Amino acid sequence: MPTADLPDASERDFGAQSDLSVQVFTVLRGLPAGQRVVLVLRFWADASEAEVAQQLGIAVGTVKSRTARALAALRAGGLSLETSKEIP
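Quick notes on the rules
- Going along each chain's sequence as written, the residues are numbered from 1 onward.
- Where local features are concerned, this predicted model is filtered to residues with pLDDT of at least 70; where side-chain atom pairs are given and counted, the filter is 80 or more; whole-chain, interface and lining totals use all residues.
- To get the side-chain values, all heavy atoms of the structure are used, and hydrogens and water are removed first.
- Runs of H or I in DSSP of at least four residues are treated as helices and runs of E of at least two as strands, each being numbered from the N terminus.
- Accessible area is worked out with a 1.4 Å probe on protein chains only. A residue is then buried under 20% of its type maximum, exposed over 50%, and partly exposed in between.
- Residue contacts are counted whenever heavy atoms from the two residues lie within 4.5 Å of one another.
- Here the axes come from fitting lines to C-alpha atoms, over the contacting stretch only for helices, and the angles between their N-to-C directions go from 0 to 180 degrees.
- When an angle is under 35 degrees it counts as roughly parallel; over 145 it counts as roughly antiparallel; between 65 and 115 it counts as roughly perpendicular; any other value is oblique.
- Gly counts as polar in this scheme, as do all residues outside two lists: the nonpolar Ala, Val, Leu, Ile, Met, Phe, Trp, Tyr, Cys and Pro, and the charged Asp, Glu, Lys and Arg.
- Note on aromatic contacts: the rings of Phe and Tyr and the six-membered ring of Trp form a pair at centre separations within 6.5 Å, being stacked when their planes are under 30 degrees apart, edge-to-face when over 60 apart, and tilted otherwise.
- Look at NZ for Lys and CZ for Arg. If either is within 6 Å of the ring centre and within 35 degrees of the ring normal, a charge sits over the ring.
- Left-handed describes a crossing in which the near helix is turned anticlockwise from the far one by less than a right angle; the clockwise case is right-handed.

1. Details of the side chain of Gln-35
Move 1: With respect to the helices and strands, the residue Gln-35 is situated in helix H2 (residues 33-44).
Move 2: Look at Gln-35 and you get buried, because its relative accessible area is 13%.
Move 3: Gln-35 has contacts with Arg-66, Arg-69 and Ala-70, leaving out every residue within four places of it along the chain.

The structure is reproduced here in structure tokens:
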């Protein structure tokens, strides 16, 4: 319904989301290709460890270790990402 009064702020902070995206892409570019592709398949494409292993022709353990190293590099780059798919 139209109104003469506009809200003070948007519910979503697009500026902060954009800043985070830039940070993530910057750190991702610095990762080795193997780690980068594992992260993209696991978290962006939502593939399981077994699916990633099959698609890349590598062992599930390799997927796990590449994921752990890549997430550690993201954290070292100043990103604090939480996900239920992380390795304990």
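Let us keep going from here.
2. Comments concerning the packing of H2 against helix H4 (residues 60-76)
Move 1: Between H2 and H4, the least distance of the axes is 9 Å, while the angle of their chain directions is 95°. Judged on the interaxial angle alone, H4 and H2 are roughly perpendicular. Within the contact between the two elements, H2 uses Gly-34, Gln-35, Val-38, Leu-39, Arg-42 and Phe-43 and H4 uses Val-63, Arg-66, Thr-67, Arg-69, Ala-70, Leu-71 and Leu-74.
Move 2: Looking at the contact of H2 with H4 residue by residue, the classes come out as 7 nonpolar, 3 polar and 3 charged.

3. Side note on the environment of Val-63
Move 1: Secondary-structure assignment places Val-63 in helix H4.
Move 2: Separated by 14 residues in the primary sequence, Val-63 and Glu-49 have C-alpha atoms spaced 6.3 Å apart.
Move 3: Non-local contacts of Val-63, meaning those with residues more than four positions away in its chain, are made with Val-38, Arg-42, Glu-49, Val-52, Ala-53 and Ile-58.

4. A closer look at the packing of aromatic side chains
Move 1: Here the structure, examined in full by the defined rule, presents 0 aromatic pairs.
Move 2: Note that Arg-42 overlies the ring of Phe-43, its terminal NZ or CZ placed 5.7 Å from the centroid.

5. Quick notes on the packing of H2 against helix H3 (residues 49-56)
Move 1: With their axes 9 Å apart at the nearest point, H2 and H3 run at an angle of 135° to one another. By the angle between their directions, the pair H2 and H3 is classed as oblique. Regarding H2 and H3, the two cross each other, and that crossing is right-handed. Only Glu-49, Val-52, Gln-55 and Leu-56 of H3 make contact with H2, whose side of the interface consists of Val-37, Val-38, Leu-41 and Arg-42.
Move 2: Residues belonging to the contact of H2 with H3 are distributed by class as follows: 5 nonpolar, 1 polar and 2 charged.

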